[in-house]
Structures are given as structure tokens and as C-alpha cells.
Amino acid sequence: MKVLGIETSCDETAVAIYDSDSGLQAHVLYSQIELHQEYGGVVPELASRDHVRKIIPLIRQVMVDAGVTQQEIDAIAYTAGPGLVGALLVGASVGKSIAYGWGIPAIPVHHMEGHLLAPMLEDNPPKMPFLALLVSGGHTQLIGVDGFSEYNILGESLDDAAGEAFDKAAKMLGLDYPGGPAIAKAAEHGDIGRFTFPRPMIGKPGLNFSFSGLKTYCMNTIEDCVEQQGSLDEQTRCDVAAAFQDAVVDTLLLKCKRAIKQTNYKRLVIAGGVSANTLLRERLKKTMSGMGVELFYPRVEFCTDNGAMIAYAGCQRLLEGGVVDHAIQVKARWPLDQL
Ligand code: KG4
Ligand code: ZN
């Protein structure tokens, strides 16, 4: 069974073809990062318009790359939410229209379920059940995954998502958008011992997160330095980036440890843009192996938004027989446990 997947929830236009027998056939992606960079974040209207420009050429390209004809495609999966409504509508209307024209089903896919299942595209995929840490620009969640579509949200951010905190801290430091990779790069040259940032919510029981206080702490640290030195020098920028990254990674790590102790899952999956972070991967790997827990994550290009995860999730949904979609409907907000 071959599924063509379309992702347009934010600032990446991405398309892929997944085959239930032979795996991923091809995937293509166009990133709008340059378009949004001068604004320091995604401008929704510009994002929608750019998706309109790129989506059809990318669909054509992925079919050529995969060597697949229209008759061979069994279904079209598209991201139906959560995300930017205008951006989602582009993928949804194009996906639905093509599916209608070709006489095949259209499958609405939950973007975060796509991220959650992205490690399934790797050579050594995790077996269910597992604990998942979903860390993206819009979400930070710990999820108990007991089967396909059996998702229990065990904890989540009460305010900013981890990726959002990276993006905002980077902006304060005058670093490029997206902030996560920019902070990680600056942190490589930083002195980890110069500043110590707080580990939010660690003292409180439970598995929720909060990153907005860390953002304020970062702003205050920068302001203090500017006051003392007159400006933000390159070394201070790197030192703040290192302290900030250390605090976010440590907080995520401590909550994962707590979740594993409470639930006894033997596998941990990390997914979403922030799971590309090298420090997070390294620290989790060390800690989890000490606890007898196996760690899984997607290849770096499938941590951030991509079409492959949508094609895969759509294919699983089709195999489960759960496709009910007659209207073009998208949802800006869509809790994963309400699938
Ligand atoms: O999953 P994603 O591509 O989009 C959403 O669904 O939100 O995640 C994007 C987020 C951005 O906030 C970006 O700064 C962050 O992932 N990110 C990273 C890294 N690469 C991307 N954060 C920390 N370290 C990275 N290497
Ligand atoms: Zn995403």
C-alpha cells in the first residue's frame, strides 16, 4: 500500500511517499526559513502563500523521485492539525482535491502523531509500548504510548514549549531563527560554568513543564551583562546560550527520569524539532542506559517537520481502517489524546 503524505502545518512544505511493504520511497522538503528569518519567527500569512507556490511542484517531484505513477498511489495523507490554520488549509485542500480527483481516500493526520511515529522510519524502530518525549516548537509532552492511537498524556508544558523557549532566547541573544540550532551552535563555544540557570518545576511533583520563567531569567541575565559591560560581547552570548541549553536539557532529562520511574516503560522515544539537539541525545542516552531503558530517535532531518512522518502515520491509519474524512477540516488546536 502506497501513501503520499503532505505536511504544511508551519514553515516547511514537505511531501513523501511511504510503502507499507518496502518503506519510504522518496521525500522532498522546501524550508521557508529564509523567508521568515528577517522577522525572527514565522509570519503565518507569508507561510500560507509560500505553501501554495511550492506544494504542487513538490508533489510532482516526489512522484518522479519515487518512480511512482498516480495509479499506484492508494491514499493521500495530509496534516490536519495542530498548526497554523492558513498553512494547514493549503495541504488539506490540495490533498483532498487530488484524492477526490484520483478516486482514493484522503487521510487527516495529527501532526504530533506524525512526530511520535517518526522513529518508526529508522532501521531499528521502537516496539510499543514506550514512553515518548515530544519536544517541538509548539509542544512539550510526555506521552505513554501503549499502541497505535493509544496515547496518554502524562505531562506537558504549562506555558512555552521547549522549542519556543529556544527560539525566544535566541532572539534575545540576537541569534538567527530557528533558535534551537543557533543556540546549540553558540553553546559549543560557551563556558558552561559562568552562569547557572534554574531548572523549572523540578522541585514540584508531577510531569508538567514550564519554560517561561527560564526565558525571563535569560532576559535578566542578558540585561545585567549589558549594564555591566555596555554591550553583549560574543563570548557572553555563547556563555548564556550554553547555560540556557544546559537548563532546558537538564529539565527534560529529569522529567524523563521521573516518568520512567513512575511508569516502568523500558523504551524512551524522543521526537520533534528539539530532539535533534545533540546534548539532549547524549545526556538522555547515558542516563537511560544506566536505567536499563533503550533510547530511540529519528534521524536529524526527520526530527523537524517532514512529509515522511505524515505518509507513515497516514499509512498506519489506513491499515487500521480508521479513515473518516468527508470535509476539508483543519484544527489549529488538537489534543493528541482526543484522536
Ligand atoms: O518539530 P518542529 O520542526 O516544528 C514544530 O512542530 O514545532 O520543531 C521546531 C522547533 C524549533 O523551535 C527549533 O528551534 C527547534 O525545534 N529545534 C531545536 C534544534 N533543531 C530544531 N532545538 C534545539 N536544538 C536543536 N538542534
Ligand atoms: Zn512539528
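Residue numbers run consecutively from 1 along every chain, following the written order of its sequence. As they are written, the chains are lettered A onward and the ligands numbered 1 onward, keeping that order. For this predicted model, a pLDDT threshold of at least 70 governs which residues receive local features, and a threshold of 80 or more governs which side-chain atom pairs are given and counted, while totals over whole chains, interfaces and linings are taken from all residues. Computation of side-chain values covers all heavy atoms of the structure but excludes hydrogens and water.

Draft legend 1. Inspection of the domain arrangement of the protein at higher detail. Where each domain begins and ends follows an automated or database-derived domain assignment. Along its sequence, the protein is carved into domain 1 (2-117 + 302-338) and domain 2 (126-297). Computed over C-alpha atoms, the centres of domain 1 and domain 2 are 27 Å apart. Summed over both partners, the accessible area lost on bringing two parts together, with a 1.4 Å probe, is the buried area. Both faces considered, domain 1 and domain 2 share a buried interface measuring about 1800 Å² in area, 70% of it formed by carbon and sulfur atoms. When a carboxyl oxygen of Asp or Glu is within 4 Å of a side-chain nitrogen of Lys or Arg, the pair counts as a salt bridge. Where domain 1 meets domain 2, there are 0 salt bridges. Polar contact criterion, stated in full: a pair of N or O atoms within 3.5 Å, where within protein one must be able to donate a hydrogen and the other to accept it, and residues adjacent in sequence count only if both atoms are side-chain atoms. Linking domain 1 to domain 2 there are 5 residue pairs in polar contact (both at pLDDT 80 or more). Where helices and strands are cited, they refer to DSSP runs of H or I of at least four residues and of E of at least two residues respectively, numbered from the N terminus. Those elements that provide at least two residues to the side of domain 1 that touches domain 2 are α1 (33-37), α4 (111-117) and α10 (308-319). Looking at which element gives the most residues to the side of domain 1 that touches domain 2, the answer is α4, with 5 residues. Put simply, Ala, Val, Leu, Ile, Met, Phe, Trp, Tyr, Cys and Pro go in the nonpolar bin, Asp, Glu, Lys and Arg in the charged bin, and everything else, Gly too, in the polar bin. Tallied by class, residues from the side of domain 1 that touches domain 2 come to 10 nonpolar, 6 polar and 5 charged.

Draft legend 2. Seen up close, the packing of aromatic side chains. Side-chain rings of Phe, Tyr and Trp (the six-membered ring for Trp) are treated as a pair once their centres are within 6.5 Å; stacked means planes under 30 degrees apart, edge-to-face means over 60, and tilted covers the remaining angles. Counted by the stated rule, this structure contains 4 aromatic pairs. Summarising the aromatic geometry, the rings of F166 and F244 are spaced 5.5 Å apart at their centres and angled 85° between planes, so their arrangement reads as edge-to-face. Of this pair, F166 sits in helix α5 (residues 162-172) while F244 sits in helix α8 (residues 234-263), and the two are 78 residues apart along the sequence. F244 matches F166 in its accessibility class, with the two residues each being buried. A centroid spacing of 5.0 Å and a plane angle of 65° characterise the contact between F197 and Y217, whose relative ring orientation is edge-to-face. Of this pair, F197 sits in the loop between α6 (179-187) and α7 (212-229) while Y217 sits in helix α7; the two residues are 20 residues apart in sequence, bridging distant segments of the chain. One cation-aromatic arrangement involves K54 over Y30; the distance from NZ or CZ to the ring centre is 4.3 Å. The buried label applies to any residue whose accessible area, calculated with a 1.4 Å probe on protein chains only, is under 20% of its type's maximum; exposed applies above 50%, and partly exposed to all values in between. By definition, being over a ring means that NZ of Lys or CZ of Arg is both within 6 Å of the ring centre and within 35 degrees of the ring normal.

Draft legend 3. The arrangement of unusual backbone geometry in detail. Cis geometry is found at the peptide bond from G81 to P82, where omega equals -10°. With respect to the helices, strands and loops of the structure, P82 is situated in the loop between β4 (75-81) and α3 (85-102). The omega angle of the peptide bond from M128 to P129 is 5°, so this bond is cis rather than trans. With phi around 75°, S149 is a residue other than glycine that occupies positive phi space. Relative to the assigned elements, S149 resides in the loop between β7 (140-147) and β8 (150-156). A positive phi angle, near 70°, is found at N264, a position not held by glycine. Relative to the helices and strands, N264 is located in the loop between α8 and β9 (267-271). For N264, a relative accessible area of 55% puts it in the exposed group.

Draft legend 4. How the structure looks around the coordination of the zinc ion (ligand 2). Metal-coordinating donors are taken as N, O and S atoms lying within 2.8 Å of the metal, or within 3.2 Å when the metal is Na, K or Ca; because water is left out, some sites can appear incomplete. At this site the zinc ion (ligand 2) is bound by H111 (NE2), H115 (NE2) and D305 (OD), with donor distances of 2.0 to 2.1 Å. Within one chain, the residues serving as donors to the zinc ion (ligand 2) are arranged as H-x3-H-x189-D. Taken together, the positions of H115 in helix α4 and D305 in the loop between β10 (294-296) and α10 put the pair 190 residues apart, joining distant regions of the chain. The class for H115 is buried, based on a relative accessible area of 1%. We classify D305 as buried; its relative accessible area is 12%.

Draft legend 5. The sheet that holds strand β2 (residues 12-19), seen in detail. Read from one edge of the open sheet, 5 strands run β3-β2-β1-β4-β5, paired in mixed fashion. Two strands bound the open sheet, and with one partner strand each, they are β3 (23-31) and β5 (106-110). Sheet twist, expressed as the mean angle between neighbouring strand axes with direction ignored, is 20°. At least two DSSP bridges between two strands are required for those strands to pair. Pairing of strand β1 (residues 2-7) with β4 involves 4 bridges; the strand directions are parallel. Paired with V3 across the bridge in β4 is A75. Only heavy atoms enter the contact rule, under which two residues are in contact if any of them lie within 4.5 Å. Axis geometry follows a simple rule: fit a line to the C-alpha atoms, using only the stretch in contact for helices, then measure angles between N-to-C directions, giving values from 0 to 180 degrees. Packed on one face of the sheet, helix α2 (residues 44-66) meets β1, β2 and β3 and runs near 25° to β2. Against the sheet, α10 touches β1, β2, β3, β4 and β5, its axis set at about 130° to β1.

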